[in-house]
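Topology and contacts: notes
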Amino acid sequence: YLGAPRHLSMSEEQFRSVCLHEELREFDDATTKADKFDALLDLMVFTIGTMLRMGFPVDAGFQRVMAAN
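Notes on the structure in this doc start here. Values in this document were obtained by computation on a predicted structure and should not be read as measured data. (Residues numbered from 1 in each chain as written. Predicted model: local features only at pLDDT ≥ 70, side-chain atom pairs only at ≥ 80, totals over all residues. Heavy atoms only, no water.)

1. Looking at a nonpolar patch on the surface
The grouping of F37, L41, M44, I48 and L52 at the surface amounts to a nonpolar patch, some 460 Å² of accessible area in total. Relative to the assigned elements, L52 resides in helix α2 (residues 33–53). Owing to a relative accessible area of 39%, L52 belongs among the partly exposed residues under this scheme. (Patch = residues over 30% accessible without salt bridge, like charges linked within 9 Å, V, L, I, M, F, W, Y side chains within 5 Å. Areas by Shrake-Rupley, 256 points an atom, 1.4 Å probe, with all protein chains shown as cover. Salt bridge = Lys/Arg side-chain N within 4 Å of Asp/Glu carboxyl O. Helix = DSSP H or I, 4+ residues; strand = E, 2+ residues; numbered from the N terminus. Buried < 20%, exposed > 50% of the residue type's maximum accessible area, 1.4 Å probe, protein only.)

Spelled out as structure tokens, the structure:
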């Protein structure tokens, strides 16, 4: 998914938004450390996948954010 950053179709963006919110709800509802960890990992997978689908430079962006924080 290299190339210029781009918008997702409305249906894909809505699908990914629902999935991201669901994983965040799973984190909020989790009662064990293992379940919280699982929800956070799933949230990362959907977040990174969405960024890649949108053509964002994930590695470079991550490095900039880490250097700033």
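2. Focus: the pattern of salt bridges
Under the counting rule described, the total for this entry stands at three salt bridges. For E12, the salt bridge is made with R53, and the minimal N-O distance between the two is 2.7 Å. Here E12 is found in helix α1 (residues 10–29), whereas its partner R53 is found in helix α2, with 41 residues between them in sequence. The class for E12 is buried, based on a relative accessible area of 17%. On the basis of relative accessible area, R53 is assigned to the partly exposed category, the value being 25%. One network of salt bridges, with partners in common, ties together E12, R16 and R53.

3. A word on α2
Here α2 is 21 residues long and its end C-alpha atoms lie 30 Å apart, about the 30 Å a rise of 1.5 Å per residue gives. Taken together, the buried positions of α2 are A39, L43 and T50. Taken down its axis, α2 places every buried residue within 40° of arc, on the same side. In this structure, α2 carries K33, A34, F37 and V45 as exposed residues pointing more than 90 degrees from its buried face. Next to the buried residues of α2 lie α1. Directly beyond the C-terminal end of α2, a positive phi value near 80° is found at G55. (Expected span 1.5 Å × (residues − 1). Arc of directions from axis to C-beta. Contact = heavy atoms within 4.5 Å.)

4. A word on the packing of aromatic side chains
Enumeration according to the criterion identifies one aromatic pair in this entry. Seen from the ring of F27, K36 lies directly overhead, with NZ or CZ sitting 4.3 Å from the centre. (Phe/Tyr/Trp six-rings, centres within 6.5 Å; stacked < 30°, edge-to-face > 60°. Lys NZ or Arg CZ within 6 Å of the ring centre and 35° of its normal.)

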